[in-house]
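# Structural overview for review
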Amino acid sequence: MGKKVCVLGAGGGIGQPLSLLMKLSPQVTELSCYDIVGTAGVAADLSHIPSNSSVTGHLPSAGTWPPTHDTGLEAALKDAAVVVIPAGVPRKPGMTRDDLFNTNAGIVKTLVEACGDFCPDAVLAIISNPVNSTVPIAAEVLKKKGVYNPKKVLGVTTLDVCRANTFVGNAMGKNPDDVDVTVIGGHAGITILPLFSQVEGFSPSDEELEALTVRTQFGGDEVVKAKAGAGSATLSMAYAGYVFAENVLKAMDGDDSIVQCAYVESTLTDSPYFASPCKFGKDGVEEVLGFGEITAYEQGWLDKMLPDLKKQIQKGVDFANN
Ligand code: NAI
């Protein structure tokens, strides 16, 4: 069945390659690209790719593509099944994701308000950082509008899974694409916890395990440093966002085998939002699954992360309500 996907922030470093991948997706029949700049060009460009979907570009006001198309967020969001949100500023060297809060919290709040108005049934896949706080912001905004569905407000932590798979696959001499590490917690520094103990056939030394864990937690910093002020991960994030959205769409279409990690409202720990494996279905997350047995080493990281994670969640909740 055909599905409309909307990318909010489609003109950006993540938004452009993510829109390209969504244009290529066999699941997508309609792609709408929204940003405050540049989407007429992005949409015109993508429209020449011979794939199964139409594409439209939207700006807050005039200048959309095709020129006759309705402008604005309403047209971009109307009838969307999935909305992927990479809008907002990225990190520069020396910044944490939390340093982005002041700018991105407001952007996400405004965009999610529009989602509540124009596509209240859509699954929202939130990429904008700090994800630990922007997901609670989205939930509070939708609660106020009376349209919050915890199964459909999702933080995208797939890049952490991609990094863990790549690092451990390389360490094991295996194709990283054949590895699927469970990564739990949140999406910032020590709130990211890869469960390498659950990877079959992997028995690292204590030092190797520590190095891999910390590299997964701070992998984003490698990219920020290498880009030297030009932003953070965009290409790997576009890939991760595409994988995530594609899985959501497949499950909507009846594939009952989809399990992937997502940052969602959760009762697994005393943190009200938590990333863990989730079973996906026709309406988003069907079930938040547990994360199985963890080692004392992993429990140590979990105990350490929870105060930070809860603080970042509360910051989002307070922002949305004040
Ligand atoms: P970018 O600056 O290249 O692109 C952001 C885009 O958002 C720009 O085109 C900008 O015009 C647009 N935008 C700003 N305000 C907007 C609004 N009100 N409505 C619609 N669009 C708006 O940044 P980049 O590199 O694409 O990163 C985007 C976000 O994704 C950042 O917050 C970054 O921290 C986050 N990110 C998240 C990751 C994750 O794993 N969840 C990984 C990497 C980045």
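Per an unreviewed UniProt entry, the chain goes by the name Malate dehydrogenase and belongs to Cylindrotheca closterium. Under the UniProt heading Sequence similarities (unreviewed entry), the note attached to the chain is "Belongs to the LDH/MDH superfamily. MDH type 1 family." Heading Catalytic activity (unreviewed entry) of the UniProt record for the chain holds this comment: "(S)-malate + NAD(+) = oxaloacetate + NADH + H(+)".

By nearness alone, 29 residues border the ligand, and Gly13, Ile14, Asp35, Val89 and His187 come closest of all. The separation between a nitrogen atom of the ligand and a polar main-chain atom of Ile127 is 3.1 Å. The contact in question runs from a nitrogen atom of the ligand to an N or O atom on the backbone of Val156, over 3.4 Å. Out of a free accessible area of 860 Å², the ligand has 86% covered by protein chains. Here the shell around the ligand gets three residues from one element, more than from any other, and that element is helix 4 (residues 101-118). Residue assignment places the shell around the ligand across two domains, with domain 1 (3-155) and domain 2 (158-312) each supplying three or more.

Quick look at the UniProt feature "domain: Lactate/malate dehydrogenase N-terminal" (unreviewed entry) in the chain now. The sites that UniProt annotates as "domain: Lactate/malate dehydrogenase N-terminal" (unreviewed entry) are residues 4-155. Secondary structure content for residues 4-155 is 37% helix and 18% strand, and the end C-alpha separation is 20 Å.

Now for the layout of surface pockets. It is a probe the size of a water molecule, rolled over the atoms, that shows where empty space is left. Its volume calculated, the largest pocket comes out at about 740 Å³. As for the largest pocket, its lining consists of 41 residues, of which Pro86, Ala87, Gly88, Val89 and Pro90 are closest to the centre. Those elements that place two or more of their residues in the lining of the largest pocket are helix 4, helix 6 (158-172) and helix 8 (219-227). For the lining of the largest pocket, the element with the highest residue contribution is helix 4, accounting for five residues. For the lining of the largest pocket, the two domains that each supply at least three residues are domain 1 (3-155) and domain 2 (158-312). Space inside the second largest pocket adds up to approximately 450 Å³. In terms of lining, the second largest pocket is formed by 19 residues, of which the most central are Val161, Asn165, Val179, Asp180 and Val243. When contributions to the lining of the second largest pocket are tallied by element, the ones reaching two or more residues are helix 6, helix 9 (235-252) and strand 9 (259-265). For the lining of the second largest pocket, the element with the highest residue contribution is helix 6, accounting for five residues.

Under the feature "binding site: substrate" (unreviewed entry), the UniProt entry names Arg91, Arg97, Asn129 and Arg163. For the largest pocket, the lining residues drawn from the annotated set are Arg91, Arg97, Asn129 and Arg163. Mapped onto the elements, Arg97 comes out in the loop between strand 4 (82-85) and helix 4. Exposure remark for Arg97: the relative accessible area of 8% places this residue in the buried category. Other than its neighbours up to four places away in sequence, Arg97 contacts Arg91, Asn129, Pro130, Arg163, His187, Ala188, Gly189 and Gly220. Mapped onto the fold, Asn129 is located in the loop between strand 5 (123-126) and helix 5 (131-144). On the basis of relative accessible area, Asn129 is assigned to the buried category, the value being 17%. Those residues in contact with Asn129 that sit more than four places away from it in its chain are Arg97, Leu100, Asn104, Thr134 and His187.

Let us now look at the side chain of Ser271. Relative to the helices and strands, Ser271 is located in the loop between strand 9 and strand 10 (273-281). A distance of 2.7 Å separates a polar atom in the side chain of Ser271 from the backbone oxygen of Tyr273. With sequence-adjacent residues up to four places away left out, Ser271 is seen in contact with Ser266, Leu306, Leu309, Lys310 and Ile313.

Mapping Trp301 onto the fold places it in helix 10 (residues 296-321). Along the chain, Trp301 and Ile190 lie 111 residues apart, while their C-alpha atoms are 7.4 Å from each other.

Turning next to the packing of aromatic side chains. Enumeration according to the criterion identifies six aromatic pairs in this entry. Judged by centre distance (6.2 Å) and plane angle (70°), the rings of Phe196 and Phe202 are edge-to-face.

What counts and what doesn't
- The residue numbers shown here count from 1 along each chain, following its written sequence.
- Residue-level local features of this predicted model are given only where pLDDT is at least 70; pairs of side-chain atoms are given and counted only at 80 or more, and the full residue set underlies all totals for whole chains, interfaces and linings.
- The basis for the side-chain values is all heavy atoms of the structure; hydrogens and waters are excluded.
- UniProt positions are given in the numbering used here, feature names are shortened, and annotations may be inferred rather than shown by experiment.
- Only heavy atoms are used to decide nearness, and a residue is near a molecule or strand if one of them lies within 4 Å of it.
- Within 3.5 Å is the distance limit for a polar contact, defined as a pair of N or O atoms, with the added protein rule that one can donate a hydrogen and the other accept it, and that residues adjacent in sequence qualify only through two side-chain atoms.
- In these tables, accessible area is a Shrake-Rupley quantity obtained with a 1.4 Å probe, and a residue counts as shielded only by the protein chains included in the view.
- Only DSSP runs of H or I with at least four residues qualify as helices, and only runs of E with at least two residues qualify as strands; both kinds are numbered from the N terminus onward.
- In this document the domain limits rely on a domain assignment from an automatic tool or a database.
- Using protein atoms alone on a 1 Å grid, points that fit a 1.4 Å probe yet trap it form a cavity, whereas open point sets bounded by protein on both sides within 12 Å along at least five of seven lines form a pocket; residues with an atom within 4 Å of a point count as lining.
- Grid points are joined across faces, edges and corners, and a volume is the space filled by probe spheres set on the points.
- Classification of residues uses two cut-offs on accessible area relative to the type maximum, computed with a 1.4 Å probe and protein chains only: under 20% is buried, over 50% is exposed, and between them is partly exposed.
- Whether two residues are in contact is decided by their heavy atoms, any of which lying within 4.5 Å being enough.
- A pair of Phe, Tyr and Trp rings is counted when the ring centres sit within 6.5 Å of each other, with Trp represented by its six-membered ring. The angle between the planes then sorts it: under 30 degrees is stacked, over 60 is edge-to-face, the rest tilted.

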